[in-house]
Amino acid sequence: MTLLSVRNLTAGYGDVIAVRDISFEVGKGEVVCLIGANGAGKTTTMAALSGLIKATGAVTFDGEDLLKIPSHQRVASGISLCPEGRKVFPSLTVEENLYLGSFNPNARRYRARKLDEVYELFPILVERRRQQAGLMSGGEQQMLALGRALMASPKLLMLDEPSMGLAPRIVMSVYDAIQRVAKSDISILLVEQNTVAALEVSSRGYVLAAGQIVQEDTAEGLRASTKMQDAFIGIADLLEKAGGAHVASSES
Amino acid sequence: MKARFRAALTIGNVSVFLLGLILIVPTLYVPPVWNDWIFRISMLLLLSVSWNLMASTGLISLGHAGFWGVGTYAALLCGNKYGLPLIVVLIPATLCGALLGVLLAVATGRLRGVYFAICTLAMAEGLRVSALMLPKITGGAAGIFLRPELRPSLNVLCFIATCVATLSVAIAQYLTHTPFYYACRAIRNHETAAQMLGIDPRRYRMVVLALSGAMTSAGGGIGAWYGGYLDPMVAFSFMITVQSQIAPILGGMYSVAGAVLGSGVIIALQEATRIWFGDQEGVSQLVFGCILVFGILFMPQGVYGLILRAWKNIDENRQMRGSPKAAPAQNMNAGERK
């Protein structure tokens, strides 16, 4: 059963188009990843889905036309973003950050229960709960950002580069937590550069390169694929195949 | 959690109540010099609390003179035209301030930081120039006087001023316990992140600006009644803007207590330097300025931050010594989380 269906999504910043005509879907309870190199359009896709930038196309979420809903109301319809670079509220305490996660009236009803769940998922946050969020380590902040996104009682959790800027050991513990979230009935759309970690938790994945989806497969299929390596290393080749010759011309 | 919440609430409320008591009650009995001090503290309280409200949302205002001036003219013109007492004209003055706040919110859209600050400055200056160029309404550069028969006694004037100031502090204090305030702080920290969590920044900005504008304009209305004379330079004086931010910055930004402490400290400093160094021309201002500069240099968190840190140190020392007083507090903390 499809929870999020994206058809021909095009988005960008001003005149610059960063993703063009991409289509993908996320099923109920499924973990899907979008992988790709720097500048492939992953974060743009996330920003478009959460309404931070304007986009065209058809996006259906749980039967609703998502693009018609203003961004501050999307979270109430059950879609929650854990943003790139964490973006916790640095001068607020950990607990206040979490409270803000359940700010919308739909989520506020479950606040106490969700808070318990988040604290169970990340025991470190219990110890830190009166501390200013800005004073915590990157890994702790990432856990807080994840917890804050979960406080909104989402049906779909969108994670934007949860491994960004973290030590490998911390990445593992963050992904441990994601795995535990994935076991509940929350669907996850995961955006990553760290393909190894991302494919470990996902069941399916899409490869983005230069704003287009170049491959779609199961996690096992993608792990074995050579095309995915191309997407990271040989962008010029892919672009040429897609008809964009400006990279080649700039070399001459 | 709830127990702690309630404890914090009473400490805050009791302080506001005491502040009101200290300010309001003496106005009816004390000599005029004292009343002058009390009046100035009240005006500064209104300015600093309203400025701090905006600052807490990440909106640095350089245009409080605009709100103030609109309040002064609304009050004075209404009073003169219809012969209304101060209490009544405060209503249109407050409404005009709130309206100006809403207009400013609409006009500035999502501007932030320096860009927003410049807009507020432009608003205040624009209003001042407009007031100058509309002599039929405002009296222009010649100014207008309050009809003398409307002017209440100093005691009554100070009573009203202190009541309004206390009310504004109480409102600000009440807000700190509401989700509204959480949202404002979140917007100050990360506007996009707040938006993703379902907070509509535009709505909150509008309410904050309206509230802040209303408070300042109420102050302006009372100030106009106190002075009895208005011209655009007085009404939209840049000093108002400066004063409104010095007090919260010296007292401690982003907290009501900081704004209140700052207001008290500023007036005390101004008076003390005037009394002690007043006989030599300019020296008092020099001393006052130096104290401000060094105060802000060495107390980046303000007076309130200093107090908080001292309090924390005492608390930690007590816990380290393991006195019995600290133990139950820790147990309580453990019990709160379930």
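Residues numbered from 1 in each chain as written. Chains lettered and ligands numbered in written order. Predicted model: local features only at pLDDT ≥ 70, side-chain atom pairs only at ≥ 80, totals over all residues. Heavy atoms only, no water.

Asker: Give me the pattern of salt bridges: which residues, what numbers.
Answerer: All names here are of chain B. The tally for this structure, following the rule as stated, stands at 21 salt bridges over all chains. Here Arg 40 and Glu 271 are joined by a salt bridge, their closest N and O atoms 2.7 Å apart. Taken as a pair, Arg 40 in helix 2 (residues 32-56) and Glu 271 in helix 13 (residues 256-277) lie far apart in primary sequence, 231 residues in all. For Glu 271, a relative accessible area of 7% translates into the label buried. The partner of Arg 128 in a salt bridge is Glu 125, with the nearest N and O atoms 3.0 Å apart. With Arg 128 and Glu 125 both in helix 5 (residues 113-133), this residue pair falls three residues apart, about one helical turn. Accessibility expressed as a relative area gives 30% for Glu 125, which makes it partly exposed. When salt bridges with common partners are traced through the structure, they connect Asp 36, Arg 40, Glu 271 and Arg 274 into a single cluster. (Salt bridge = Lys/Arg side-chain N within 4 Å of Asp/Glu carboxyl O. Helix = DSSP H or I, 4+ residues; strand = E, 2+ residues; numbered from the N terminus. Buried < 20%, exposed > 50% of the residue type's maximum accessible area, 1.4 Å probe, protein only.)

Asker: Explain the nonpolar core to me, and be specific about the residues and the numbers.
Answerer: Formed by 148 residues in total, the largest nonpolar core has its most connected members in Leu4(A) and Leu189(A). In this structure Leu189(A) touches Leu4(A), Phe24(A), Val26(A), Val32(A), Leu34(A), Met46(A), Leu49(A), Leu156(A), Leu157(A), Met158(A) and Leu159(A), once residues within four positions along its chain are discounted. Among the nonpolar cores identified, the runner-up in size contains eight residues, and Leu44(B), Ala247(B), Leu250(B) and Ile267(B) belong to it. (Core = buried A, V, L, I, M, F, W, Y, C linked by side-chain atoms within 4.5 Å. Contact = heavy atoms within 4.5 Å.)

Asker: Can you explain the interface of chain A and chain B? Please cite residues and give values.
Answerer: Contact residues are listed per partner, giving 25 residues for chain A and 24 residues for chain B. Between chain A and chain B, the buried area comes to about 2400 Å², and carbon and sulfur atoms account for 63% of it. Ranking the residues of chain A by area buried against chain B places His72(A), Phe89(A) and Phe103(A) at the top, with a combined share of 25%. Remark: the boundary between chain A and chain B carries five residue pairs in polar contact (both at pLDDT 80 or more). Put simply, the parts of the chain that give the side of chain A that touches chain B at least two residues each are helix 2 (71-74) and helix 3 (94-101) of chain A. It is helix 3 of chain A that contributes the most residues to the side of chain A that touches chain B, five residues altogether. Among the residues forming the side of chain A that touches chain B, the class breakdown is 12 nonpolar, five polar and eight charged. (Buried area = accessible area lost by both parts, 1.4 Å probe. Polar contact = N/O pair within 3.5 Å; in protein donor to acceptor, adjacent residues only side chain to side chain. Nonpolar A, V, L, I, M, F, W, Y, C, P; charged D, E, K, R; others polar.)

Asker: Tell me about the pairing of strand 7 (residues 156-160) of chain A, and please be specific about residues and values.
Answerer: Residue and element names in this part refer to chain A. Across the five residues of strand 7, five count as buried, placing the element largely inside the fold. Taking every second residue as pointing to the same face, both faces of strand 7 are buried, with Leu 156, Met 158 and Asp 160 on one and Leu 157 and Leu 159 on the other. Both strand 6 (residues 79-82) and strand 7 contribute to a ladder of four bridges, which runs parallel. Looking at the pairing, Cys 82 lines up with Leu 159 of strand 7. For the crossover that starts at strand 7, traverses helix 8 (residues 168-183) and ends in the parallel strand 8 (residues 187-192), the hand is right-handed. (Pairing = 2+ DSSP bridges. Right-handed = clockwise from strand over helix to strand, strands pointing away.)

It is worth stressing that arrangement in space is one thing and function is another; only the former is reported here.
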